[in-house]
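Structural overview
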Amino acid sequence: MPGPIQSIERAAAIMRLVSQAPYGIGVTELAGALSLPKATAHGLLRTLQGVGYVEQDAHTGKYRMGAVAAGLSGARMDTNVLRSYAMNWGDTLAARSGESVRMGAVHDDGVQIVHHVFRPDHSPQRLRVGVVLPLHATALGKVLLAHTPGLGERAAGTDLLAYTRRTRTAPRALQADVAQVRARGFATDIGEFASDRASVAAPVRDPGGRVVGAIGVVGAVDRVTSGAAARTSIIELVRSAAASISADLAADRTRVRR
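The present account deals with the structure reproduced in this document. Everything quoted here is computed from the prediction, not taken from an experiment. (Residues numbered from 1 in each chain as written. Predicted model: local features only at pLDDT ≥ 70, side-chain atom pairs only at ≥ 80, totals over all residues. Heavy atoms only, no water.)

1. Considerations on the pattern of salt bridges
A complete count under the given rule lists eight salt bridges for this structure. Here Lys142 and Glu192 are joined by a salt bridge, their closest N and O atoms 2.8 Å apart. Residue Lys142 is found in helix H6 (residues 139–147), and its partner Glu192 is found in the loop between strand E6 (187–190) and strand E7 (197–205); the two are separated by 50 residues along the sequence. Overall, the relative accessible area of 4% leaves Glu192 in the buried class. Within this structure, Lys142, Arg168, Asp177 and Glu192 form a network of salt bridges that share partners. (Salt bridge = Lys/Arg side-chain N within 4 Å of Asp/Glu carboxyl O. Helix = DSSP H or I, 4+ residues; strand = E, 2+ residues; numbered from the N terminus. Buried < 20%, exposed > 50% of the residue type's maximum accessible area, 1.4 Å probe, protein only.)

2. Observations regarding the pairing of strand E3 (residues 100–107)
Taking burial as the measure, the eight residues of E3 include seven buried ones, the bulk of the element. Both E3 and strand E8 (residues 211–220) contribute to a ladder of five bridges, which runs antiparallel. Directly across from Met103, in E8, lies its bridge partner Ile215. One ladder, built from seven bridges, connects E3 with strand E4 (residues 110–117); its direction is antiparallel. By the bridge assignment for E4, Val101 is matched with Val117. Linking two consecutive strands that pair antiparallel, namely E3 and E4, is a turn of two residues; a positive phi of about 55° is found at Asp108 within it. (Pairing = 2+ DSSP bridges.)

3. As for the sheet that holds E8
Spatial ordering of the open sheet is given by E5-E4-E3-E8-E7-E6, a layout of six strands whose pairing is antiparallel. In this open sheet, the two edge strands, each paired with only one partner strand, are strand E5 (132–134) and E6. The average angle at which neighbouring strand axes cross in this sheet is 35°, direction not considered. Contacts from helix H5 (residues 79–97) reach E3, E4, E7 and E8, with the element oriented near 60° to E4. (Axes fitted to C-alpha atoms, helices over the stretch in contact; angles between N-to-C directions. Contact = heavy atoms within 4.5 Å.)

4. Regarding unusual backbone geometry
Unusually for a residue other than glycine, Asp108 sits at a positive phi of about 55°. On the secondary structure map, Asp108 appears in the loop between E3 and E4. For Asp108, a relative accessible area of 53% translates into the label exposed. Residues other than glycine seldom take positive phi values, yet His122 does so here, at roughly 65°. Relative to the elements of secondary structure, His122 occurs in the loop between E4 and E5. You can call His122 exposed: its relative accessible area is 81%.

5. Description of the packing of H5 against helix H10 (residues 232–251)
Where H5 meets H10, the closest approach of the two axes is 10 Å, and the angle between their N-to-C directions is 165°. On the basis of the axis angle, H5 is roughly antiparallel to H10. With respect to the hand of their crossing, H5 and H10 are arranged in right-handed fashion. Contacts from Tyr85, Ala86, Asn88, Trp89, Leu93, Arg96 and Ser97 in H5 reach Ile234, Leu237, Val238, Ala241, Ser244, Ile245, Asp248 and Leu249 in H10. Among the residues forming the contact of H5 with H10, the class breakdown is ten nonpolar, three polar and two charged. (Parallel < 35°, antiparallel > 145°, perpendicular 65-115°, else oblique. Left-handed = near helix turned anticlockwise from the far one by under 90°. Nonpolar A, V, L, I, M, F, W, Y, C, P; charged D, E, K, R; others polar.)

Structure below.
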């Protein structure tokens, strides 16, 4: 069997050092800490930067953890951060769709509402922030099932509660639904959680491309759907809002990382 590969060992050592320096570390400092020639340290850093594992601050020249490494860490994004970004687009989505807007994130075996914008018709409504909804019976939940590694398999291995006659409780049916969500890039719930309600949701991604939440609209079935499917106009509005939030997260990596 071949022995250890020195360049990989050095790259791993660099990643450990960079991860311990939240405000960045310079080439000279890093080379000294690892007893490496400065040229060698710089070459390794540039390679790691090229694949997204580290990034260089344009002003200080120092290196810090990159988007790909952050996406591989497995740590969930702070829901307060998600909410702050959702606020920029939630109001717009509610105004354009005419429906209630919710953003959710994984919470134990459910999806927790982290932001809620009321339907803009001034009708009596109840704030749902903090409420945990089922993954398998909501559009928000299905998005998270489709894009959170291991979550779909975990849900399929439990007894799924039927909220209406349209709720998918058979593991194979749920898996097929989740696969479709992954392929289409959005999820729907038409009378599955509440018989008279329908919802559409799309994934929100962090700078590394990992899905960290979902945003969607919820409304009466006859307003959100046309025939047996969600209205195309609603789907496009939701996907556009999700893409805009993801773009904002990518543009503000420093805040996301903290």
